[in-house]
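Architecture and fold: a report
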Amino acid sequence: MKRYMTFLFALPVMMLLASCTDNITNMERTGYLGEPKTLTASEIRSEALPGQIKLYWSAPVAATYEYMKVSYVNPADGRRLTQVVSRHTSELLISNTLQKYGDYTFTFQAYNADGTAASPVEVKARSGKAPASYAERSRTRVTLTASQLSTDNQEPSEGPIRNLIDGNTSTFFHTRWSSPQKPLPQYIQINFNEEHEDFAIKYTTRDTGNADGFPTSADLLVSDDGTNWTTVTTLSGLPASRKTDYNSTFFRPGKKFKYLRFLVTSTSGNRNYFHMSEFSFYDVDVVVDDPEAETTEQSKKMLVWSDEFEGTGQPDPAKWKFEEGFQRNHEDQYYMKEGNAALDGSGHLVITARRQNVSNPNYQAGSSDWKKNRANAKYTSASMQSRFTYRYGTVEVRAKIPTVSGSWPAIWQVGNRFEWPLGGEIDLMESYPSNGKPALHANYCWGTKTRWQGRWKSKVVPLEHFQAKDAQWTDKYHVWKLDWTPESLKIYVDDELLNEVSTRDTYNEVCDFSDGSGQNPFANSIPGFGNLIWLNLALGGDNGGHIDESAFPIKYYIDYVRVYQNKAE
């Protein structure tokens, strides 16, 4: 999604001139330096154009900003696109948009020349329908018989119409040249006795020394009953030389037909007759590329919950809640409710692990509980859990993960009922070393008869597997996806399947300490049961490995979290 593509429209550029000593001093910023103010939503209008959205507004007479960033999420691929416009610009054309996606949400944010940002403003707009494109895959010649051919002006002395299909370019068909002559238009008609749709024609001009009577323009008409006709196209500039092939492009009348007319409307020499040697008709297989057509998968899915992490400051408290303190796996970080997870203003959530000493308010000297016997923590980070729950569907998370030693980023889910692990756990992504090498982990876990012990179906993929395909893999964003149905669960990264499990195999063992005994955390009809989504960055602990002290601050970037479900669900 939000890999930024930025285009500058008339944005003033400051030219910094340096002396030969390369010492640059007393640099001055130019442009509007006051408090920036973004346009209001009511000041921004839109127009739906074919495959485009036009946004327009009145540029302020007196400067209230130096430039604006206009950004939106492209629903086709989930990427965030941003364009930058100067304060003198009054319109922006957004191309490659589709009507089928409904409302596009555009975020306008004004800046002064110093880079100070105003509050963002959101505007919704729709695209016009994007046109389809068509290409010919193949054409097949249709066999015709003389009884299928007719004309409204046969010359009685020569050139019978049957000659059009005899395969001999030395013979010809001729409309009436003898008296009484009939003025144009005149036609060749084919009765197919069956339906056709997309088609093409070919004909060969007569092999004659005469320069007149060659068709120079004609209409192609179709009919389903031989009485009511529809004009498909007009052909012009037709060949007016002997023994010349004319091969048409393909035509799409938009309906099926049983009759075709080649209606000649003008000829060389302005004669009231025409002639030709051969005529052929072809069925054409046309490939249609309609960007507005929904794929089978798209038609089934709808977005039910998401966070695009727009703006700045803390993540939306209506969507997320934070853990605090030491939590699990003997990890070294102390989770903070504030300060370690923030929106960066560019459409990302950034979870930051810091080397920071904090006191443990639950400290108890001599306690056997690891969460209490530490007086201080050397590191802080963040762990956040969605307030949203769901059962069955597709989750997509686009993220760029840290892979430095000691870091342990995760995208995971747990059930909202029963104690762990009877409610189930799904690890879309964990990154920590395996056998001394950095690796990705994709896991499923459910309950056993022993309390706090789970049954795991895990997959470990060394990072070198991905780096062999892309040496910069760890520097890029990737999409982790979970497809969850009542029958199975599948975890992917960038559409590569990492781990799957059948729900026939995920029943909790029978136990005597929870009402989750014997339940299936991944396939059940328990009212209100669902999964919560977690994002966190842990350090060290049981799995994270040795913490690289030189790597701080360690940052984990999340671009979006999206949940889709079938429209029928």
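Rules of the game
Residues numbered from 1 in each chain as written. Predicted model: local features only at pLDDT ≥ 70, side-chain atom pairs only at ≥ 80, totals over all residues. Heavy atoms only, no water. Helix = DSSP H or I, 4+ residues; strand = E, 2+ residues; numbered from the N terminus. Rg over C-alpha atoms; globule rule 2.2 N^0.38 Å. Buried < 20%, exposed > 50% of the residue type's maximum accessible area, 1.4 Å probe, protein only. Contact = heavy atoms within 4.5 Å. Areas by Shrake-Rupley, 256 points an atom, 1.4 Å probe, with all protein chains shown as cover. Lys, Arg positive; Asp, Glu negative; His and termini not counted. Charge placed at Lys NZ, Arg CZ, Asp CG, Glu CD. Core = buried A, V, L, I, M, F, W, Y, C linked by side-chain atoms within 4.5 Å. Disulfide = S-S within 2.5 Å. Polar contact = N/O pair within 3.5 Å; in protein donor to acceptor, adjacent residues only side chain to side chain. Phe/Tyr/Trp six-rings, centres within 6.5 Å; stacked < 30°, edge-to-face > 60°. Patch = residues over 30% accessible without salt bridge, like charges linked within 9 Å, V, L, I, M, F, W, Y side chains within 5 Å. Salt bridge = Lys/Arg side-chain N within 4 Å of Asp/Glu carboxyl O. pLDDT = per-residue confidence, 0-100. Pairing = 2+ DSSP bridges. Axes fitted to C-alpha atoms, helices over the stretch in contact; angles between N-to-C directions.

The next subject is the overall build of the protein chain. When you go through the protein chain residue by residue, the secondary structure sums to two helices and 37 strands. What you see for the protein chain is a C-alpha radius of gyration of 36 Å, clearly larger than the 25 Å of a compact globule of 569 residues, by over 25%. Each of the three principal axes of the protein chain carries a C-alpha extent, and together these read 120 × 75 × 45 Å. Every one of the 569 residues in the protein chain was classed for burial, and the buried ones make up 45%. Look at the contacts in the protein chain between residues 6 or more apart in sequence, and 71% of them connect residues 24 or more apart. A total of about 27,600 Å² of accessible surface is found on the protein chain, and carbon and sulfur atoms cover 46% of it. Positive and negative side-chain charges in the protein chain, numbering 61 and 68 respectively, have mean positions lying 1 Å apart.

The next subject is the nonpolar core. A general trend in soluble globular proteins is that nonpolar side chains are found buried together. Counting 52 residues, the largest nonpolar core has Ile351, Leu535, Tyr556 and Ile558 as the members making the most contacts within it. Take this core: its biggest share by element is five residues, from strand 37 (residues 554-566).

Once that is clear, we can look at the state of the cysteines. In this structure the tally under the stated criterion is zero disulfides. In this structure Cys445 is not part of a disulfide, and its nearest cysteine sulfur, from Cys511, lies 13 Å away. You can call Cys511 buried: its relative accessible area is 12%.

Examined against the element boundaries, Thr208 turns out to sit in the loop between strand 13 (199-204) and strand 14 (215-223). Taking the relative accessible area as the measure of exposure, Thr208 reaches 10% and is therefore buried. A distance of 3.2 Å separates a polar side-chain atom of Thr208 from the backbone nitrogen of Asn210.

What follows deals with the packing of aromatic side chains. The full count for this structure, using the stated rule, is 32 aromatic pairs. Judged by centre distance (5.4 Å) and plane angle (35°), the rings of Tyr203 and Tyr246 are tilted. Of the two residues, Tyr203 sits in strand 13 while Tyr246 sits in strand 16 (residues 245-247), which places them 43 residues apart along the sequence. Tyr203 sits in the buried class, given a relative accessible area of 1%. Aromatic pair Phe262 and Phe279: ring centres 5.6 Å apart, planes at 65°, arrangement edge-to-face. Of this pair, Phe262 sits in strand 17 (residues 257-267) while Phe279 sits in strand 19 (residues 278-289), placing them 17 residues apart in sequence. In this pair, the class of Phe262 matches that of Phe279, namely buried.

Another aspect to go through is a nonpolar patch on the surface. Together, Trp420, Trp452 and Trp456 give the surface a local cluster of nonpolar side chains, amounting to about 360 Å² of exposed area. Among the structural elements, Trp420 can be located in the loop between strand 29 (407-415) and strand 30 (425-434).

The subject of this paragraph is unusual backbone geometry. The omega torsion of the bond from Leu184 to Pro185 falls at 10°, within 30 degrees of zero and hence cis. You can see Pro185 is positioned in the loop between strand 11 (173-174) and strand 12 (186-196). Of note, the amide linkage connecting Phe552 to Pro553 takes the cis form, showing an omega dihedral of -5°. Structurally, Pro553 is set in the loop between strand 36 (531-539) and strand 37. Despite not being glycine, Asn270 has its phi angle at roughly 55°, a positive value. By the secondary structure assignment, Asn270 is in the loop between strand 17 and strand 18 (275-276). Looking at Asn270, the relative accessible area reads 69%, which means it is exposed. At Asn435, a residue that is not glycine, the phi angle is positive and equals roughly 55°. Residue classification places Asn435 among the exposed residues on the basis of a relative accessible area of 80%.

Summing up the model confidence of the protein chain, the mean pLDDT is 92 and the portion of residues at 70 or higher is 93%. Low pLDDT (under 50) marks residues 1-27, which in the prediction has 57 contacts with non-local residues, meaning those over four places away or in another chain.

For Glu197, the location among the structural elements is in the loop between strand 12 and strand 13. Residues in contact with Glu197, not counting those within four places in the same chain, are Phe251, Pro253, Gly254, Lys255, Lys256 and Phe257. There is a polar contact of 3.3 Å between the side chain of Glu197 and the side chain of Lys256.

Quick look at the sheet that holds strand 15 (residues 230-236) now. Across the sheet, which stays open at both edges, the five strands sit in the order 10-12-17-14-15 with antiparallel pairing between neighbours. On the outer flanks of this sheet lie strand 10 (149-151) and strand 15, each paired with one strand and no other. Each neighbouring strand pair of the sheet contributes to a mean axis angle of 20°, computed without reference to strand direction. As paired strands, strand 14 and strand 15 are joined by six bridges and run antiparallel to one another. Following the sheet pairing, Leu221 is matched in strand 15 by Thr231.

So, about the side chain of Gln385. When you line up the elements, Gln385 lands in strand 27 (residues 383-390). Apart from the residues within four sequence positions on either side, Gln385 is in contact with Lys319, Trp320, Lys321, Leu532, Ile533 and Trp534.

Now for the environment of Val85. Relative to the elements of secondary structure, Val85 occurs in strand 5 (residues 80-86). With a relative accessible area of 0%, Val85 lands in the buried category. A C-alpha to C-alpha distance of 9.5 Å links Val85 and Ala110, two positions 25 residues apart in sequence.

Read from one edge to the other, the open sheet built from seven strands follows the order 22-27-36-29-30-31-32, with strand pairing classed as antiparallel. Two strands in the sheet have a free side with no partner beyond their single neighbour: strand 22 (320-322) and strand 32 (454-462). Along the sheet, successive strands turn relative to each other by an average axial angle of 25°, direction set aside. Pairing of strand 29 with strand 30 involves five bridges; the strand directions are antiparallel. Bridging across to strand 30, Gln413 finds its partner in Ile426.

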